[in-house]
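Listed below are the residues making up each chain.
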Amino acid sequence: MFLYFKYKKVKIYTEENKQIACPNCNEKGGMLFKVYKKIFSIFWIPTFPLGKIGKAECLYCQSEFKKSKMSPELIHGYELVKDKKNIKATDFSGLIILCGFISMVFLMDDGSYEEKEKLYLEAPKKGDLYSYKINDKHRYSYLKVERVSEDSIFVIPNSKYSSRIMKMRRINKAENYNPNLKYGISKDEVYKMYQEDKIFQISRKSGEE
Ligand SMILES: [Zn+2]
């Protein structure tokens, strides 16, 4: 038995900003801040929150800015948005009675996440991202859904792999997906891979649910 852990992002807040200009295209009024909470779970049980992360997106030029890439103006705007919805820090301050309740809340969170994955599995869409184990050695990579037909999906495999699930996001870059490598898998096979935990995570870009 190996220790299965998972790190995930749950979107908690989105806000449009009308004042800040996009550092890329200079258009004003199209900056969108998205705030996520990070949750670390072991064996599908959310264990503790790891704080919040977020990004800014420009609705005009589609540029995305992680915090490290934000202009000072964007960082300021983001900080204001980020603090609007707090992960209830006070809920975690050792109030033992609340602990059970909180873990229930997080378990429910997790439940809805698993439910979502099942929906993605049943109705795949172009752009869905499958995290999968390449083989029994510790190699993890992604399959990106490119096309869906009646009984199959067509995926582009990520050409890189990561030996740690926690760090695999690093390889999720556009240049690692070569459309020439596209191949088809039957939906039955995909389902089987999911059941066997070979595909261990399915994500869909937020806003495309
Ligand atoms: Zn822009």
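Residues numbered from 1 in each chain as written. Predicted model: local features only at pLDDT ≥ 70, side-chain atom pairs only at ≥ 80, totals over all residues.

Enquirer: Tell me about the overall build of the chain, and please be specific about residues and values.
Expert: For the chain, the count of helices and strands is three helices and nine strands. Ordered by position from the N terminus, the helices and strands of the chain form the series β-β-β-β-α-α-β-β-β-β-α-β. Relative to its full complement of 209 residues, the chain shows a buried share of 19%. A fraction of 53% describes how many contacts in the chain between residues 6 or more apart in sequence connect residues 24 or more apart. (Helix = DSSP H or I, 4+ residues; strand = E, 2+ residues; numbered from the N terminus. Buried ≥ 20, exposed ≤ 12 C-beta atoms within 10 Å, placed from the backbone. Contact = placed C-beta atoms within 7 Å.)

Enquirer: How would you sum up the environment of Gln-19? Please name residues and give values.
Expert: With respect to the helices and strands, the residue Gln-19 is situated in the loop between strand 1 (5-17) and strand 2 (31-42). Counting along the chain gives 54 residues from Gln-19 to Glu-73, while the straight-line C-alpha distance between them is 9.9 Å.

Enquirer: Tell me about the sheet that holds strand 7 (residues 152-157), residues and numbers included.
Expert: Strand order in the open sheet made by the five strands is 8-7-6-5-9, with antiparallel pairing throughout. Either end of the sheet is taken by a strand with one partner, and the two such strands are strand 8 (183-186) and strand 9 (199-203). The mean angle between the axes of side-by-side strands here comes to 35°, regardless of whether they run parallel or antiparallel. As paired elements, strand 7 and strand 8 share four bridges and run antiparallel to each other. By the bridge assignment for strand 8, Ser-152 is matched with Ser-186. (Pairing = 2+ DSSP bridges. Axes fitted to C-alpha atoms, helices over the stretch in contact; angles between N-to-C directions.)

Enquirer: So what's going on with helix 1 (residues 72-82)? Residues and values would help.
Expert: The complete set of buried residues in helix 1 reads Leu-74, Tyr-78 and Lys-82. In an axial view of helix 1, the angular spread of the buried residues amounts to 65°, which keeps them on one side of the axis. Counted as exposed and oriented over 90 degrees from the buried face of helix 1: Pro-72, His-76 and Leu-80. (Arc of directions from axis to C-beta.)

Enquirer: Explain unusual backbone geometry to me, and be specific about the residues and the numbers.
Expert: A positive phi angle, close to 70°, is found at Gln-62, a residue other than glycine. Relative to the elements of secondary structure, Gln-62 occurs in the loop between strand 3 (45-58) and strand 4 (64-66). With phi around 70°, Asp-197 is a residue other than glycine that occupies positive phi space. Tracing the backbone shows Asp-197 in the loop between helix 3 (187-195) and strand 9.

Enquirer: How would you summarise the environment of Ser-163 if you had to cite specific residues and measurements?
Expert: When you line up the elements, Ser-163 lands in the loop between strand 7 and strand 8. For Ser-163, a count of 10 C-beta atoms within 10 Å translates into the label exposed. Leave out the neighbours within four places in its chain, and Ser-163 touches His-138 and Arg-139.

Enquirer: Which residues make up the environment of Ser-159, and what are the values?
Expert: Among the secondary structure elements, Ser-159 is positioned in the loop between strand 7 and strand 8. The spatial distance from the C-alpha of Ser-159 to the C-alpha of Ile-171 is 8.7 Å, given a sequence separation of twelve residues. If we ignore the near neighbours within four places in the chain, the residues touching Ser-159 are Asn-176 and Asn-178.

By themselves, these figures tell us nothing about what the structure is for.
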